[in-house]
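# Topology and contacts: notes
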Amino acid sequence: MSVELMCWAETEQPISRDRARARYLTARENGPGGGSGLGAFAKEFPGHAAEYPGAVLVTMEPEEMDEVSNRVFAAAAAYGLVCYDPQRDLVHNRVPVGVYPEMQLHTGDGMIVVNPDLGLVRDFLGTLSPGNPFAALVVFGQHFIQVSPGYELEYKEGFMRRAVVEDLEEVRRAFAEYARGERGFLERHDWARV
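A few points on the structure. All values reported here derive from a predicted model rather than from experimental measurement.

### Some details on helix α1 (residues 17–30)
- Helix length check: α1, at 14 residues, gives a terminal C-alpha distance of 20 Å against a target of 20 Å (1.5 Å per residue), a fit within 8%.
- In this fold, the buried residues of α1 make contact with β1 (3–8), β2 (49–52), β3 (55–60), β4 (82–85) and β5 (90–92).
- Once α1 ends, the next one or two residues include G31, with phi positive near 85°.

Written out as structure tokens, the structure reads:
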């Protein structure tokens with residue numbers, strides 16, 4: 001079974017997952033053909049890309065998903081496109097983003113997104129499960145925050161510390177603060193040095 005990502009231009013971002021899902025389903029229903037206006041983007045993925053009216057569908061096999069999808073996310077960002085991931089039901093908008101342009105979102109299911117939008121980070125945190133066992137925001141060489149199911153939060157800047165938080169909303173709050181360069185989450189929890 002193949003894996004898909006659909007990319008297109010949006011005049012106003014961010015868009016919701018519902019809107020992205022509806023756009024994807026309409027495009028799939030109408031089928032390929034017509035001008036996407038994104039020929040240069042499509043050419044970056046020979047053998048994977050099909051042009052739909054106003055959009056490009058990138059199809060890949062599961063064993064190449066990590067490599068190809070990470071390239072698609074990077075190219076979509078470079079072209080200013082929205083990218084919808086129907087397998088994960090996640091939308092990659094271009095805004096709002098955190099204060100670290102080199103920040104990366106790493107996930108337990110192999111997704112890597114450079115400079116992810118904060119909505120994507122928020123939505124992704126809701127998918128933590130045994131099959132997707134962690135999420136991390138990383139600024140390599142400086143600091144990171146990560147979480148695993150059970151809401152075990154870890155933060156490293158100089159040294160590693162760990163805290164167990166009560167619920168998903170607190171995890172989302174901590175990740176959003178980290179991405180914005182704030183550190184209020186350090187004051188709200190009891191941290192153990194690891």
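Back to the write-up after that little detour.
### Re the pairing of β3
- In terms of residue burial, β3 counts as a mostly covered element, since five of its six residues are buried.
- Taken together, the six bridges between β1 and β3 define a ladder with antiparallel strand orientation. In the sheet register, L5 faces β3, and the bridge partner there is V58.
- Here β2 folds back onto β3, and the loop between the two strands holds two residues, one of which, G54, carries a positive phi near 75°.

### Some remarks on the pattern of salt bridges
- The final tally for this structure, using the stated rule, is 18 salt bridges.
- Of the charged contacts, one joins R162 and E154 as a salt bridge, the two residues approaching to 2.4 Å between their closest N and O atoms.
- Relative accessible area serves as the criterion here: at 29%, R162 is assigned to the partly exposed category.
- Note that R173 and E177 form a salt bridge whose closest N and O atoms lie 3.7 Å from each other. In this pair, R173 and E177 both sit in helix α5 (residues 168–179), four residues apart, roughly one turn of the helix.
- Relative accessible area serves as the criterion here: at 8%, E177 is assigned to the buried category.
- Where salt bridges share partners, they join E170, R173, E177 and R188 into one cluster.

Cut-offs used in this document
Counting starts from 1 at the beginning of each chain's written sequence and moves along it residue by residue. Thresholds applied to this predicted model are a pLDDT of at least 70 for local features of residues and 80 or more for the giving and counting of side-chain atom pairs; totals over whole chains, interfaces and linings are not thresholded and use all residues. The basis for every side-chain value is the complete set of non-hydrogen atoms in the structure, without hydrogens or water. Only DSSP runs of H or I with at least four residues qualify as helices, and only runs of E with at least two residues qualify as strands; both kinds are numbered from the N terminus onward. Multiplying one less than the number of residues by 1.5 Å gives the expected span of a helix. Contact between two residues is taken to exist if any of their heavy atoms lie within 4.5 Å; hydrogens are not considered. Whether a residue is buried, partly exposed or exposed follows from its accessible area with a 1.4 Å probe, protein chains only, as a fraction of its type maximum: under 20%, in between, or over 50%, in that order. The pairing criterion is simple: DSSP has to find at least two bridges between the two strands. What counts as a salt bridge is simple: a side-chain nitrogen of Lys or Arg found within 4 Å of a carboxyl oxygen of Asp or Glu.

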